[in-house]
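Coordinate analysis (summary)
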Amino acid sequence: MVYDSRIDDSAQVARYYAGSAKVPGGAANEPGVRRQVRVLDLASTGAAPTSPGDISYANFVSRLRDPIRAYLTSSGAVKTTRCIVLTKGLPHRIQDTDVPAAGDDPTTLVNEFNGNDITCASVDSELTLLWQNLSTGEAGGATDSL
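Source: prediction; values computed, not measured. (Residues numbered from 1 in each chain as written. Predicted model: local features only at pLDDT ≥ 70, side-chain atom pairs only at ≥ 80, totals over all residues. Heavy atoms only, no water.)

Description of helix H2 (residues 57-74)
- For H2, with 18 residues, the first-to-last C-alpha span of 24 Å sits near the 26 Å given by 1.5 Å per residue.
- At Arg65, H2 is bent by approximately 35°, the largest bend along its length, and proline Pro67 sits one to four residues beyond.
- Those residues of H2 not exposed but buried are Tyr57, Phe60, Val61, Leu64, Arg65, Pro67, Ile68, Arg69 and Leu72.
- Those residues of H2 that are buried lie in contact with strand E1 (2-3), strand E2 (40-41), strand E3 (53-55), strand E4 (91-94) and helix H4 (123-127).
- Looking at the residues trailing H2, positive phi occurs at Gly76, about 70°. (Helix = DSSP H or I, 4+ residues; strand = E, 2+ residues; numbered from the N terminus. Expected span 1.5 Å × (residues − 1). Bend = angle between axes of the 7 residues up to and from the residue. Buried < 20%, exposed > 50% of the residue type's maximum accessible area, 1.4 Å probe, protein only. Contact = heavy atoms within 4.5 Å.)

Printed below as a string of structure tokens:
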């Protein structure tokens, strides 16, 4: 489970889900509803804070993807992690690389899609490809990174 202790909603969900025994700042050392879950506090990684809503691809890489990759590698959990759960308060959508508001405007989104240059996505869907460097070859041109 990934949370950010600098975001109150995120920390509250983490304490409920994983338990205050694993999430500092919780009261009563409660076990949580998922006692076997591993936790990653983004604040402890040195990553800059994020906010709910949209995130640029560059910030997704530096503030979410790379810290999660590093944690999984350093904790030896690369092959044993079955899912990654993000808490409330973290970003949910990655902006398009050359038209950041494309996800907010259906017409623009269709134009990006028809131009073979759509790069916006949900954070969750990008994390399913955690070990792929999806920006390799991406220069904002039609079909440059298929």
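Let's talk about the pattern of salt bridges
- Evaluated as defined, the whole model comprises 5 salt bridges.
- Residues Asp54 and Arg93 are paired through a salt bridge, measuring 2.9 Å at the closest nitrogen-oxygen approach. Taken together, the positions of Asp54 in strand E3 and Arg93 in strand E4 put the pair 39 residues apart, joining distant regions of the chain.
- Owing to a relative accessible area of 28%, Asp54 belongs among the partly exposed residues under this scheme.
- Where Arg65 meets Asp66, a salt bridge forms, and the shortest distance between an N and an O atom there is 3.0 Å.
- When its relative accessible area of 31% is taken as the criterion, Asp66 is described as partly exposed.
- Within this structure, Asp54, Arg93 and Asp104 form a network of salt bridges that share partners. (Salt bridge = Lys/Arg side-chain N within 4 Å of Asp/Glu carboxyl O.)

Comments concerning the packing of aromatic side chains
- The final tally for this structure, using the stated rule, is 1 aromatic pair.
- Between the aromatic rings of Tyr57 and Phe60, the centroid separation amounts to 5.9 Å while the plane-to-plane angle is 40°, which identifies the pairing as tilted. Remark: Phe60 and Tyr57 occur in helix H2; sequence separation between them is 3 residues, near one turn of the helix. For the pair formed by Tyr57 and Phe60, the shared burial category is buried. (Phe/Tyr/Trp six-rings, centres within 6.5 Å; stacked < 30°, edge-to-face > 60°.)

What to know about the nonpolar core
- Core analysis: the largest hydrophobic core is formed by 17 residues, its most contacted members being Phe60, Ile68 and Val123.
- Elements supplying a minimum of two residues to this core: H2 and H4.
- Setting aside its immediate chain neighbours within four residues, Val123 contacts Ile55, Phe60, Leu64, Leu86, Pro91, His92, Arg93 and Ile94.
- In terms of nonpolar packing, the next biggest core, distinct from the first, is built from 7 residues, Met1, Tyr3, Ala14 and Val23 among them. (Core = buried A, V, L, I, M, F, W, Y, C linked by side-chain atoms within 4.5 Å.)

Some thoughts on the pairing of E4
- Of the pairings in the sheet, the one linking E3 to E4 comprises 3 bridges and is parallel in character. Directly across from Ile55, in E4, lies its bridge partner Ile94.
- Handedness of the crossover is the feature at issue here: the chain leaves E3, passes through H2, returns alongside E4, and the resulting connection is right-handed.
- Sheet analysis places E4 next to strand E5 (residues 121-122), joined by 2 bridges and oriented antiparallel. (Pairing = 2+ DSSP bridges. Right-handed = clockwise from strand over helix to strand, strands pointing away.)

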